[in-house]
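The residues making up each chain are set out below.
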Amino acid sequence: MCTNGINTGQFEQMMSQIDDHIALERRWVHRLAHQAGDAGFATVDDKLHAVQELLDEARALITDAKDALESDAEASSGITVELV
């Protein structure tokens, strides 16, 4: 569906692709954090786990944006649907 010049289906798909990319980076950061911890680099381990938490927050915000997309599209289209 196109709303105000935006294909909302494609838009949601692009947000999903970004989420997938962040999920991959999160897995790498998680692995690196454990490698650093196993090697005795406690500060690096802590910092990488902090990065992991930030990536989790980013993914949550993307999910929120995807959830809001449909309601925003309906609100901005000026079209309402009512049961008769």
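No experiment lies behind these values; they were computed from the predicted model shown. Throughout, a residue's number is its position along its own chain's written sequence, starting from 1. Two thresholds apply to this predicted model, a pLDDT of at least 70 for residue-level local features and 80 or more for giving and counting side-chain atom pairs, whereas whole-chain, interface and lining totals are computed over all residues. With hydrogens and water stripped out, all remaining heavy atoms of the structure feed into the side-chain values.

1. As for the overall build of the protein chain
And step 1. Looking only at helices and strands, the protein chain has 2 helices and 2 strands in total.
And step 2. Only runs of H or I of at least four residues qualify as helices and only runs of E of at least two qualify as strands under DSSP, and these elements are numbered from the N terminus. Along the protein chain, helices and strands appear, N-terminal first, in the series β-β-α-α.
And step 3. Accessible area is worked out with a 1.4 Å probe on protein chains only. A residue is then buried under 20% of its type maximum, exposed over 50%, and partly exposed in between. Looking at the protein chain as a whole, 19% of its 84 residues are labelled buried.
And step 4. Two residues qualify as a contact provided that any one of their heavy atoms is within 4.5 Å of a heavy atom in the partner residue. The contacts in the protein chain between residues at least 6 apart in sequence include a share of 64% that link residues at least 24 apart.
And step 5. Each accessible area is a Shrake-Rupley result for a 1.4 Å probe, and residues are judged covered by the shown protein chains and nothing else. As presented, the protein chain carries roughly 6,500 Å² of accessible surface, and 57% of it is formed by carbon and sulfur atoms.

2. Details of a negative patch on the surface
And step 1. To count toward a patch, a residue needs a relative accessible area over 30% and no salt bridge; like charges are then connected within 9 Å, while nonpolar side chains (Val, Leu, Ile, Met, Phe, Trp, Tyr) are connected within 5 Å. What makes a salt bridge here is a side-chain nitrogen of Lys or Arg within 4 Å of a carboxyl oxygen of Asp or Glu, nothing more. Positive charges come from Lys and Arg alone, negative charges from Asp and Glu alone, with His and the N- and C-terminal ends not counted. The atom standing in for a charge is NZ when the residue is Lys, CZ when it is Arg, CG when it is Asp and CD when it is Glu. A surface patch of negative charge is lined by E12, D64, D67, E70 and E74.
And step 2. Looking at the negative patch element by element, the count peaks at 4 residues for helix α2 (residues 42-77).
And step 3. Turning to its location among the elements, D67 is positioned in helix α2.

3. Some remarks on the nonpolar core
And step 1. Only buried residues count toward a nonpolar core, which is a set of Ala, Val, Leu, Ile, Met, Phe, Trp, Tyr and Cys residues joined through side-chain atoms within 4.5 Å. Of all hydrophobic cores here, the largest spans 8 residues; its members are M15, I22, V29, A33, L48, L55, I62 and L69.
And step 2. Put simply, the parts of the chain that give this core at least two residues each are α1 (8-38) and α2.
And step 3. Apart from the residues lying within four places of it in its own chain, the contact partners of M15 are I62, A65, K66 and L69.

4. Describing the packing of aromatic side chains
And step 1. Pairs were defined over the aromatic rings of Phe, Tyr and Trp, the Trp ring being its six-membered one, requiring ring centres within 6.5 Å. Orientation was assigned from the angle between planes: stacked under 30 degrees, edge-to-face over 60, tilted for the rest. All told, the structure shown has 0 aromatic pairs when counted by the stated rule.
And step 2. A cation over an aromatic ring shows up here: R31 above the ring of W28, its NZ or CZ 5.2 Å from the ring centre. Working rule: Lys NZ or Arg CZ, within 6 Å of ring centre, within 35 degrees of ring normal, means a charge sits over the ring.

5. A word on the side chain of Q52
And step 1. On the secondary structure map, Q52 appears in helix α2.
And step 2. Among the polar contacts made by the side chain of Q52, one reaches the side chain of H30 at a distance of 3.2 Å.
And step 3. Setting aside residues no more than four positions away along its own chain, Q52 makes contact with R26, V29 and H30. Between N or O atoms, a polar contact is any pair within 3.5 Å; within protein, one atom must be a potential hydrogen donor and the other a potential acceptor, and residues adjacent in sequence are included only when both atoms are from side chains.

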